[in-house]
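Coordinate analysis (summary)
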There are 2 protein chains.
Amino acid sequence: MYNSSSRLDSTTVDRSERQYNFSAGPATLPEEVLQEAKDELPVYDHVGASVMEISHRSPAYDKIEESAREHLRALLDLGDDWHILFLQGGASMQFHQVPLNFLPEDGVADYVVTGRWGTKAVKEARLLGDVHIAASSEDDDFRSVPDVADWDLSDDAAYVHITTNETVNGNQMTDDPVLEVPVVTDASSEFLGRPMDLEGYGLVYAGAQKNLGPAGVTVVLVHEDFLQRRTQPLPTMLDYGTHAERRFNTPPVFPIYMVEKVTRWLRERGGVDAIHAINQRKAAKLYDRIDQNDFYQGTVAPADRSIMNVTFRLHDPDLEPVFLKQAEQRGLMSLKGHRSVGGIRASLYNAMPEAGVDALVSFMDAFEVAHR
Amino acid sequence: MYNSSSRLDSTTVDRSERQYNFSAGPATLPEEVLQEAKDELPVYDHVGASVMEISHRSPAYDKIEESAREHLRALLDLGDDWHILFLQGGASMQFHQVPLNFLPEDGVADYVVTGRWGTKAVKEARLLGDVHIAASSEDDDFRSVPDVADWDLSDDAAYVHITTNETVNGNQMTDDPVLEVPVVTDASSEFLGRPMDLEGYGLVYAGAQKNLGPAGVTVVLVHEDFLQRRTQPLPTMLDYGTHAERRFNTPPVFPIYMVEKVTRWLRERGGVDAIHAINQRKAAKLYDRIDQNDFYQGTVAPADRSIMNVTFRLHDPDLEPVFLKQAEQRGLMSLKGHRSVGGIRASLYNAMPEAGVDALVSFMDAFEVAHR
């Protein structure tokens with residue numbers, strides 16, 4: 001169903017067919033998953049109604065949510081001491097919910113800021129309490145990630161908040177830090193894209209719309225020990241304990257149903273280690289093309305480059321709109337960099353086929369020849 | 001596609017076909033809407049990807065959200081002084097968000113409690129400030145709605161919170177109150193099911209999964225004058241002003257896309273007045289059957305009965321599981337009352353065809369004959 005690379009020679013593609021979609025989120029999903037969702041309309045699995053119309057207390061929905069949890073548990077090798085929650089509001093709500101639960105009035109939380117999302121997390125935490133910036137690469141325009149050895153950590157932080165992959169800026173941490181205090185990470189744009197060592201974490205959150213499903217659900221992993229440190233009382237809906245204990249409110253059924261399918265798809269393809277190998281290969285192909293000469297220029301220090309969100313510029317910024325327009329005409333969509341930083345961004349999430357990266361590299365070669 | 005009433009004579013139905021779905025929410029959706037969503041997978045309207053995979057800053061998504069807003073504005077005849085927000089977390093999050101924005105530290109809010117949902121709203125508001133119960137029908141097991149003339153309103157309440165339709169208990173207010181202070185209502189299970197006189201309201205909220213779309217989006221109408229009364233500063237995501245001003249975060253794209261379709265469907269069928277007439281007729285048919293004799297017994301005082309959620313018991317409670325099982329076998333699904341109150345509940349939202357009510361009434365007749 002994807003365009004063959006021969007399409008690259010034509011000037012336009014049929015947009016009623018699927019394109020290679022490099023959107024940073026909402027982002028491309030496995031076509032098999034979309035096909036299955038299509039097949040299950042307007043009636044889901046002999047329940048007499050679509051999945052959107054059945055009670056969230058029904059056995060059919062129970063099974064979907066439990067299956068999604070089981071897939072996640074298997075993919076990340078999660079023990080019983082980890083709760084898996086399906087919340088709403090994306091990372092933006094987590095920016096509030098994390099300090100609301102875990103930053104005591106007389107305490108401090110350490111934040112490591114490596115991009116636009118971490119900056120937003122700090123802003124929300126500061127509305128609630130004392131925030132200490134343990135490290136930041138803002139002076140470097142977030143082109144790098146400060147080394148963990150250089151983080152200026154507080155003696156008694158309630159937690160250390162990091163962003164293991166910065167979607168807008170295109171950097172990624174290579175290690176999962178293990179510190180004196182629990183680490184909280186916004187893993188939205190890398191979740192399930194690489195193996196995670198969960199030892200140092202107290203809480204991991206990820207908006208689904210990058211690597212996991214459609215927008216509308218946030219996966220939160222919270223460790224039982226960390227959970228017990230939260231302050232009380234809390235608003236019921238914003239208390240992680242509410243959702244760890246039971247299905248309190250109506251969950252976003254359709255997005256969770258899609259997460260179940262995507263995580264099942266990932267297990268069928270060999271799990272996180274297998275997809276990580278493919279992700280590394282995809283990213284290497286694109287960075288190698290970028291680094292070939294100075295026609296294209298990566299924006300992030302090589303050691304800190306993200307394998308999920310590849311950001312680069314053209315040596316001549318005036319060519320960027322031309323590049324984006326021609327790419328779109330050739331079936332390579334949503335390559336525009338975030339409005340706050342400009343340039344080009346190719347998001348290579350799990351569901352982006354390697355052939356999509358090959359098509360992009362071919363286009364970049366041809367574009368260079370035409371515009372050198 | 002629905003089962004013909006002749007199906008009532010057979011013992012079981014094919015559950016790979018659509019049943020009459022009386023679920024209280026998530027609830028039945030118009031079949032045409034589901035078919036359109038199916039047709040638009042895996043590629044939406046020539047954009048090269050499904051609607052779940054495109055950027056929430058893309059022109060295609062902009063058009064969907066603007067169209068949903070336009071339909072709502074037309075259906076409710078909303079002026080420019082009303083903001084239409086698409087939030088997350090359902091009514092449960094609104095229980096926190098309303099007092100967080102509008103209940104000042106030294107102020108009081110009046111709450112009128114007519115059922116399970118209003119009770120929950122009070123619990124959340126009390127975590128934040130001073131709540132005065134202006135009226136409650138709890139002593140009557142929420143079988144009625146206190147008359148507005150009897151409400152014991154504070155002189156200086158920040159707002160009066162009501163629940164115009166109580167989904168679990170099956171009661172509904174017949175008038176939209178106009179009071180000295182702005183009224184806030186949880187209209188989840190009646191939204192767009194009857195014309196609303198918005199004059200007295202400051203804010204109206206509705207979880208979509210009853211009468212409006214799938215779970216995962218909450219429609220909030222907030223009047224500009226009321227919005228300006230909110231306290232500051234607020235957490236960004238929980239500040240209604242954030243969302244009134246701009247699209248701040250990634251919205252739940254797919255649920256909003258479905259709301260656009262459902263509201264368009266409703267406009268095509270003549271709008272709220274037209275559906276209200278049908279809803280009244282559907283409810284009258286069912287209540288007439290219930291009131292025919294004492295085999296079935298309505299649980300709510302006749303003047304306060306909901307046209308959306310019809311709650312009743314059988315004269316012999318031991319027959320209720322039999323009733324539910326046989327109804328299910330005849331293609332009448334999800335008739336079980338809420339676990340907190342038991343009995344039978346038939347939710348007759350906009351998307352429930354009149355033929356579904358006819359089928360239910362026929363079944364009730366036949367069941368009475370068999371078990372009298």
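Residues numbered from 1 in each chain as written. Chains lettered and ligands numbered in written order. Predicted model: local features only at pLDDT ≥ 70, side-chain atom pairs only at ≥ 80, totals over all residues. Heavy atoms only, no water.

Comments concerning the overall build of chain A
Helix and strand content of chain A: 10 helices and 14 strands. Taking 2.2 N^0.38 as the reference for a compact globule, 372 residues should give roughly 21 Å; the C-alpha atoms of chain A span a radius of gyration of 21 Å, in line with that estimate. The dimensions of chain A, computed from C-alpha atoms along their principal axes, are 65 × 55 × 30 Å. Evaluated residue by residue, chain A yields a buried proportion of 65% over its 372 residues. Residue pairs at least 24 apart in sequence account for 65% of intrachain contacts in chain A once pairs closer than 6 positions are excluded. Element-wise, carbon and sulfur atoms account for 46% of the exposed surface of chain A, whose accessible area totals about 13,700 Å². Charge-centre separation for chain A: the mean point of 35 positive side chains lies 8 Å from the mean point of 58 negative side chains. (Helix = DSSP H or I, 4+ residues; strand = E, 2+ residues; numbered from the N terminus. Rg over C-alpha atoms; globule rule 2.2 N^0.38 Å. Buried < 20%, exposed > 50% of the residue type's maximum accessible area, 1.4 Å probe, protein only. Contact = heavy atoms within 4.5 Å. Areas by Shrake-Rupley, 256 points an atom, 1.4 Å probe, with all protein chains shown as cover. Lys, Arg positive; Asp, Glu negative; His and termini not counted. Charge placed at Lys NZ, Arg CZ, Asp CG, Glu CD.)

Quick look at the packing of aromatic side chains
Residues and elements named next belong to chain A. By the definition in use, this model includes 31 aromatic pairs over all chains. A ring pair is formed by Phe323 and Phe367, whose centres lie 5.2 Å apart and whose planes are at 85°; its orientation type is edge-to-face. Within this pair, whereas Phe323 is found in helix H9 (residues 320–329), its partner Phe367 is found in helix H10 (residues 354–371), the two being separated by 44 residues in sequence. In this pair, the class of Phe323 matches that of Phe367, namely buried. (Phe/Tyr/Trp six-rings, centres within 6.5 Å; stacked < 30°, edge-to-face > 60°.)

Details of the sheet that holds strand E14 (residues 344–347) of chain B
Residue and element names in this part refer to chain B. Pairing within the open sheet is antiparallel, and its three strands lie in the order E11-E12-E14. Pairing within the sheet leaves two strands with one partner each, and these edge strands are strand E11 (296–298) and E14. Each neighbouring strand pair of the sheet contributes to a mean axis angle of 35°, computed without reference to strand direction. Where E11 lies against strand E12 (residues 309–314), three bridges are found, and the strand directions are antiparallel. Note on E12: the bridge partner recorded for Tyr296 is Leu314. Set on the sheet, helix H8 (residues 271–291) makes contact with E11, E12 and E14; between it and E12 the angle comes to about 15°. Across the sheet, helix H10 (residues 354–371) lies against E11, E12 and E14, angled at about 130° from E11, the strand it touches most. (Pairing = 2+ DSSP bridges. Axes fitted to C-alpha atoms, helices over the stretch in contact; angles between N-to-C directions.)

Let's talk about the pattern of salt bridges
Residues and elements named next belong to chain A. Using the criterion set out here, one finds 48 salt bridges over all chains in the structure. In this structure, Arg247 and Glu65 form a salt bridge, with 3.2 Å as the shortest nitrogen-oxygen distance. Placement of Arg247 in the loop between helix H6 (240–245) and helix H7 (253–268) and of Glu65 in helix H2 (residues 59–76) is noted, with a sequence separation of 182 residues between them. The class of Glu65 is buried, set by a relative accessible area of 5%. Measuring nitrogen to oxygen at the nearest pair gives 3.4 Å for the salt bridge that ties Arg246 to Glu245. Assessed through its relative accessible area of 40%, Arg246 is described here as partly exposed. The class for Glu245 is exposed, based on a relative accessible area of 63%. In this structure, a network of salt bridges that share partners links the residues Glu36, Glu40, Glu260, Lys261 and Arg264. (Salt bridge = Lys/Arg side-chain N within 4 Å of Asp/Glu carboxyl O.)

Regarding the pairing of strand E4 (residues 130–136) of chain A
By the bridge criterion, six bridges tie strand E3 (residues 108–113) of chain A to E4 of chain A in an arrangement that is parallel. Bridge assignment links Asp110 of chain A to a residue of E4 of chain A, and that residue is His132 of chain A.

A short note on the domain arrangement of chain A
Residues and elements named next belong to chain A. Taken domain by domain, chain A consists of domain 1 (39–268) and domain 2 (271–371). A separation of 27 Å is found between the C-alpha centroids of domain 1 and domain 2. Domain 1 puts 25 residues into the contact, and the matching count from domain 2 is 26 residues. In this assembly, domain 1 and domain 2 are joined by zero salt bridges. Joining domain 1 to domain 2, the criterion identifies 14 residue pairs in polar contact (both at pLDDT 80 or more). Where the side of domain 1 that touches domain 2 is concerned, the elements lending two or more residues are strand E6 (165–166), strand E7 (171–172) and H7. It is H7 that provides the largest number of residues to the side of domain 1 that touches domain 2, a total of three residues. For the side of domain 1 that touches domain 2, a count of residues per class yields seven nonpolar, 11 polar and seven charged. (Domains from an automatic or database assignment. Polar contact = N/O pair within 3.5 Å; in protein donor to acceptor, adjacent residues only side chain to side chain. Nonpolar A, V, L, I, M, F, W, Y, C, P; charged D, E, K, R; others polar.)

Observations concerning the pairing of strand E9 (residues 201–207) of chain B
All names here are of chain B. Most of E9 is tucked away, with seven of its seven residues classed as buried. In the sheet, strand E8 (residues 183–186) pairs with E9 via four bridges, with the strands oriented parallel. If you follow Asp186 over to E9, its bridge partner there is Tyr205. Note that E9 and strand E10 (residues 218–223) share five bridges and pair antiparallel. Counterpart to Tyr205 in the pairing with E10 is Val220.

Observations regarding H10 of chain A
The terminal C-alpha atoms of H10 of chain A, which comprises 18 residues, lie 26 Å apart, in line with the 26 Å expected from a rise of 1.5 Å per residue. When H10 of chain A is considered as a whole, its buried residues turn out to be Glu354, Gly356, Val357, Ala359, Leu360, Val361, Phe363, Met364, Phe367 and Glu368 of chain A. (Expected span 1.5 Å × (residues − 1).)

Quick word on unusual backbone geometry
All names here are of chain A. Backbone torsion omega between Gly25 and Pro26 reads -10°, so that peptide bond is classified as cis. Here Pro26 is to be found in the loop between strand E1 (20–21) and helix H1 (31–39). Residues Gln232 and Pro233 are joined by a peptide bond in cis, for which omega reads -5°. Mapped onto the elements, Pro233 comes out in the loop between helix H5 (224–227) and H6. Here the phi dihedral of Ser334 falls at roughly 60°; this positive angle occurs in a residue that is not glycine. Along the chain, Ser334 turns up in the loop between strand E13 (332–333) and strand E14 (344–347).

Points about the sheet that holds E4 of chain A
Residue and element names in this part refer to chain A. The strand order across the open sheet formed by seven strands is E2-E10-E9-E8-E5-E3-E4, and the pairing between neighbours is mixed. For this open sheet the edge positions go to strand E2 (82–87) and E4, each flanked by a neighbour on one side alone. Strand-to-strand twist across the sheet, computed as the mean angle between neighbouring axes with direction ignored, equals 20°. Bridge count for strand E5 (residues 160–162) against strand E8 (residues 183–186) is three bridges, and the pairing is parallel. Looking at the pairing, Ile162 lines up with Thr185 of E8. Sheet strands touched by helix H4 (residues 116–126): E3, E4, E5 and E8. Its angle to E3, the strand with the most contacts, is close to 160°.

Quick notes on the relation of the copies chain B and chain A
Screw-axis analysis of chain B against chain A gives a translation of 0.0 Å along the axis, an RMSD of 0.0 Å, and a rotation angle of 180°. What the rotation and shift describe, once combined, is the action of a two-fold rotation axis. Residue Lys38 of chain B of chain B places its C-alpha closer to the rotation axis than any other residue of that unit, at 2.6 Å. The residues that chain B uses at the interface reappear at the interface of chain A in 100% of cases, marking a shared surface. (Least-squares fit on C-alpha atoms with pLDDT ≥ 70 in both.)

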